[in-house]
Amino acid sequence: MAQADAAGMADVADVVDAADVAAEADTVHAAEAGQGGGGRRRAPGPGARHARVRRTLRRALRPGPWRRGLVLAASALLLGLLMLLHARIPDRGGIGSLVETFLPWCGLFVPVLLAGALWRRSASAVVALVLPVAVWLSLFGGLLVDKSRPGGDLTLATHNVGADNPDPAGTARDLAASGADVLALEEITSQAKPVYERELAKAYPHHTVRGTVGLWSRLPLSDTRPVDIQQDVGPLADTKPVAAVAADGRALRATVATDQGPLAVYVAHLGSVRVYPDGFTTGGRDRNARALGEAVAAEPNQRMVLLGDLNGTVDDRALDGITSRLRSAQDAAGDGFGFTWPTTFPLARIDHVLVRGVTPVSAWVLPATGSDHRPVAAGISW
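Residues numbered from 1 in each chain as written. Predicted model: local features only at pLDDT ≥ 70, side-chain atom pairs only at ≥ 80, totals over all residues. Heavy atoms only, no water.

1. Re unusual backbone geometry
Most peptide bonds adopt trans geometry, and most residues besides glycine take a negative phi value. That bond from W341 to P342 is cis: its omega, -10°, falls within 30 degrees of zero. Tracing the backbone shows P342 in the loop between helix 14 (329–333) and strand 12 (351–356). The phi dihedral of E187 falls on the positive side, at around 65°, and the residue is not glycine. Inspection of the secondary structure assignment puts E187 in the loop between strand 2 (182–186) and helix 9 (193–200). Residue class for E187 comes out partly exposed when judged on its relative accessible area of 25%. We note that N311 has phi near 50°; this positive angle belongs to a residue other than glycine. Structurally, N311 is set in the loop between strand 10 (304–309) and helix 13 (320–323). Residue N311 is classed as buried on the basis of its relative accessible area of 11%. (Helix = DSSP H or I, 4+ residues; strand = E, 2+ residues; numbered from the N terminus. Buried < 20%, exposed > 50% of the residue type's maximum accessible area, 1.4 Å probe, protein only.)

Here you go:
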């Protein structure tokens, strides 16, 4: 639209310039004719009057720097308002969650709009860009600073190992080499479970697996139990046998015995979401998130961590029941956004270490494995 506007204004200017040349020629001819008639001054002819009118039109039609690029200025303001008011976007069809999941990427539109503003020499567009820049920095500027520091009493790691992982043994060895004291795995298949148990046994003498999630620890575990995140609901769910429900479990809780006292550890894998042109399919994930938030709220131990694949970012409103009670180790002590999915080109951080009652001192993303997620780790202290 800006290019069409520029081309149109150029055409108008060319037409007016050509008319001015012709009008000036008419004026000169009229003046010469007047001098030939005895030196008497004649009133300006129609050519001179037309020239003045055309010059006036040209000045009026040629926009100044504040009038150029109004479409760019409006786009910049809309971008800023989108980021500022993202929580007010209706979540019909998961649109609100979709926007919030990829909210950090809105910053990429800023340099594009700035390039357009400079090309159009639009002062209004440049000034309008102050809004999206300020909002983006207020939301995500803190993530651009490395907040990690050395030390830590305990290292935690979590990884969605992937049901289609072609090398579970190699994944297990890589995770054991990470130095994590407590390791959570999600999406463990019945076929891969013995492999993980065998490969991790030496480094982690204590472990528990419930359904498709598991917890491995160098320190003793106790009070291990499944957590009901309402994976199955409705009449058909009531007909499932207990064994089938246990096999499909996607959340557990355990107590880790540390030198500083007991630490409650939750491992969870919330329902998957699917991206379509009209938004997310988030019903199962949202239901799981609400149930997990209730479990976190009811946890009596003030020192707790949540490890897992939540299929949502900390900006996603669907996780408010969780993120309002726990804080992200990456946000508090990480470096950068820490995107984890998909492995080939991470676009969002949906794998988390969330804590309460302990202090994150560092957080980072581990090297990729055979999974479509990247593992994450964090160091905590008391």
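More follows now that the structure is in view.
2. Re the sheet that holds strand 4 (residues 213–217)
Picture the strands of a sheet paired through backbone hydrogen bonds; they go either parallel or antiparallel. Sheet architecture is open: six strands sit in the order 3-4-2-1-14-13, paired in mixed fashion. Sheet topology places strand 3 (206–210) and strand 13 (359–365) at the edges, where each strand pairs with a single neighbour. Averaged over all pairs of adjacent strands, the angle between strand axes in this sheet comes to 15°, irrespective of strand direction. Pairing between strand 2 and strand 4: five bridges, direction antiparallel. Looking across to strand 4, one finds that A184 is bridged to L215. (Pairing = 2+ DSSP bridges. Axes fitted to C-alpha atoms, helices over the stretch in contact; angles between N-to-C directions.)

3. Here's the deal with the sheet that holds strand 12
Taken in spatial order, the six strands make up an open sheet running 5-6-7-10-12-11, and their pairing is mixed. Among the strands making up the open sheet, the edge pair consists of strand 5 (221–226) and strand 11 (327–328). Pairing of strand 5 with strand 6 (residues 251–258), which is carried by four bridges, proceeds in the antiparallel orientation. If you follow L221 over to strand 6, its bridge partner there is V256. Against the sheet, helix 12 (residues 283–298) contacts strand 7 (261–269), strand 10 and strand 12, and its axis sits at roughly 175° relative to strand 7. (Contact = heavy atoms within 4.5 Å.)

4. Focus on the environment of V145
Here V145 lies in the loop between helix 7 (130–140) and strand 1 (154–160). Sequence-wise, V145 and G334 are 189 residues apart; in three dimensions their C-alpha atoms are separated by 8.2 Å. What V145 contacts, discounting residues up to four positions off in sequence, is G334 and D335.

5. Side note on the packing of aromatic side chains
For the structure shown, the criterion picks out six aromatic pairs. Between F140 and F337 the ring centres are 6.1 Å apart and the planes differ by 55°, which places this aromatic pair in the tilted class. In this pair, F140 is assigned in helix 7 and F337 in the loop between helix 14 and strand 12, connecting sequence segments 197 residues apart. The exposure class assigned to F337 is partly exposed, which follows from its relative accessible area of 21%. Taken together, W105, W136, F140, F337, F339 and F345 form an aromatic cluster joined through their ring pairs. The lysine or arginine in question, R218, covers the ring of Y204, its NZ or CZ lying 4.8 Å from the ring centre. (Phe/Tyr/Trp six-rings, centres within 6.5 Å; stacked < 30°, edge-to-face > 60°. Lys NZ or Arg CZ within 6 Å of the ring centre and 35° of its normal.)

6. Remarks on the pattern of salt bridges
Here the structure, examined in full by the defined rule, presents nine salt bridges. Across the pair R317 and E100 runs a salt bridge, and its minimum N-O distance is 3.1 Å. Residue R317 is found in the loop between strand 10 and helix 13, and its partner E100 is found in helix 4 (residues 95–101); the two are separated by 217 residues along the sequence. The class of E100 is buried, set by a relative accessible area of 1%. Note that R225 and D223 form a salt bridge whose closest N and O atoms lie 2.9 Å from each other. Using a relative accessible area of 44% as the deciding quantity, one classes D223 as partly exposed. (Salt bridge = Lys/Arg side-chain N within 4 Å of Asp/Glu carboxyl O.)

7. Concerning the nonpolar core
One finds L156, L215, V305, L307, V353 and I380 to be the most contacted residues of the largest nonpolar core, which totals 22 residues. Within the residue set of this core, elements represented by two or more residues are strand 1, strand 2, strand 4, strand 6, strand 7, strand 10, strand 12 and strand 14 (376–381). Ignoring anything within four residues of it in the chain, the contact list for V305 reads L156, L263, A264, V265, Y266, L354, V355, V358 and I380. Counting 19 residues, the second largest nonpolar core, distinct from the first, contains I229, A289, L310 and L326. (Core = buried A, V, L, I, M, F, W, Y, C linked by side-chain atoms within 4.5 Å.)

Any functional reading would require information that these geometric values do not contain.
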